[in-house]
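# Summary of the model geometry
So the chains spell out like this:
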Amino acid sequence: MIEFFFDCSSPWTYLAFRGVQPMASSIKTPIVWRPVLVGGIFNTVNKGIYTAREDMNSPKNRYVLKDLQDCASAAGLSIVFPPRIFPVNSVKAMRGCIWIAHDTEASSKFLAFVEAVFAAYFSRQEDISQDAVLAEICSQTGIDAERFMAGIAQSDIKEKLKANTDEAIRRGAFGTPTLFVGNDMYFGNDRLQLVRSAVLRATDAR
């Protein structure tokens, strides 16, 4: 299986989210979706990311933004970065991902919800920290907004998001997207081919 640690506030994670699904399907490998708070990861093991982003007009950051647009174009996505609201507080959205995944009625809408959150933030520059925006995303994806809001307030959902984030840090993550095949970690949307190769090696070994 492929473990996919993700936060919907990362544009590179959006690219990987789109790319990992057809790749995994092509090799008949399940994906285990692991929502995390990337801000919690940064604050614990990668605080330098904030300094690196202070000057988005530096040569490196200008290239990073160009690279993002090149990757988005190749993937057929429209990504605006940085959005008007950056960084965004994604805690409610990510708790929502966990609640949806574990709710019998809503679980079938999980991928549609994640895609809709990414699109709201990176294509339409909507503030995904706001209840009204999340409620509209719920409406778009056939999820009961009242049950959603009640669900993300549950202590076990909050604890699960923290536990996922802590586990990612413990296993070596320093950002998202972070993917694991067994104990092998891969970081970034440009590592999907390596993930594929790791799955095939593990399959051959069995």
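First things first, this report covers the structure right here in the doc. Here the structure is a predicted model, which means the values were calculated and not measured.

### Quick word on the packing of helix 5 (residues 91-102) against helix 8 (residues 145-152)
As a packed pair, helix 5 and helix 8 sit with axes 9 Å apart at the nearest point and diverge in direction by 105°. When the axis of helix 5 is compared with that of helix 8, the two are roughly perpendicular. Residues Lys92, Arg95, Gly96, Trp99 and Ile100 of helix 5 pack against Arg147, Phe148, Gly151 and Ile152 of helix 8. A breakdown of the residues in the contact of helix 5 with helix 8 according to their chemical character gives four nonpolar, two polar and three charged.

### What about the sheet that holds strand 2 (residues 31-35)?
Ordered by their spatial adjacency, four strands build an open sheet running 2-1-3-4, and the pairing between neighbours is mixed. What marks the edges here is a single partner per strand, and that holds for strand 2 and strand 4 (184-187). Shown here is a sheet whose adjacent strand axes are inclined to one another by a mean of 20°, direction ignored. Relative to strand 2, strand 1 (residues 2-6) runs parallel, the two being bridged by five bridges. Residue Phe6 lies in a different strand from strand 2, and its bridge partner there is Pro35.

### Focus on the pairing of strand 4
Look at any regular strand and the pattern is simple: side chains alternate between the two faces of the sheet. Across four bridges, the pairing between strand 3 (residues 178-181) and strand 4 is antiparallel. In the strand pairing of strand 4, Val181 is matched with Asp184. Where strand 3 folds back onto strand 4 in an antiparallel hairpin, the turn is made up of two residues, including Gly182, whose phi is positive at roughly 65°.

### Describing the nonpolar core
Counting residues in hydrophobic clusters, the biggest one holds 56 residues, and the most contacted among them are Ile2, Phe4, Phe6, Val20, Ile79, Phe113 and Phe148. Considering every element that reaches this core, the biggest residue donor is helix 6 (residues 110-122), with 10 residues. What Val20 contacts, discounting residues up to four positions off in sequence, is Ile2, Phe4, Ile31, Trp33, Leu179 and Leu192. Within the second largest apolar cluster, seven residues are counted, among which are Ile41, Ala168, Ile169 and Phe180.

### Some details on the packing of helix 1 (residues 11-26) against helix 10 (residues 192-205)
One way to put it is that helix 1 packs onto helix 10 with a least axis distance of 10 Å and a crossing angle of 30°. Regarding the angle of helix 1 to helix 10, the classification is roughly parallel. For the element pair helix 1 and helix 10, the recorded crossing hand is right-handed. Two secondary-structure elements touch here, helix 1 through Ala16, Gly19, Val20, Met23 and Ser26 and helix 10 through Leu192, Val195 and Arg196. Across the contact of helix 1 with helix 10, the residue classes tally to five nonpolar, two polar and one charged.

### Side note on the pairing of strand 3
Here strand 3 shows two buried faces, one formed by Thr178 and Phe180 and the other by Leu179 and Val181. Two strands pair when backbone bridges link them, and strand 1 and strand 3 are joined in this way by three bridges, in the antiparallel orientation. Opposite Phe5, over in strand 3, you have Thr178 as the bridge partner.

Rules used throughout
- Residues numbered from 1 in each chain as written.
- Predicted model: local features only at pLDDT ≥ 70, side-chain atom pairs only at ≥ 80, totals over all residues.
- Heavy atoms only, no water.
- Axes fitted to C-alpha atoms, helices over the stretch in contact; angles between N-to-C directions.
- Helix = DSSP H or I, 4+ residues; strand = E, 2+ residues; numbered from the N terminus.
- Parallel < 35°, antiparallel > 145°, perpendicular 65-115°, else oblique.
- Contact = heavy atoms within 4.5 Å.
- Nonpolar A, V, L, I, M, F, W, Y, C, P; charged D, E, K, R; others polar.
- Pairing = 2+ DSSP bridges.
- Core = buried A, V, L, I, M, F, W, Y, C linked by side-chain atoms within 4.5 Å.
- Buried < 20%, exposed > 50% of the residue type's maximum accessible area, 1.4 Å probe, protein only.
- Left-handed = near helix turned anticlockwise from the far one by under 90°.

In short, geometric facts, not functional conclusions.
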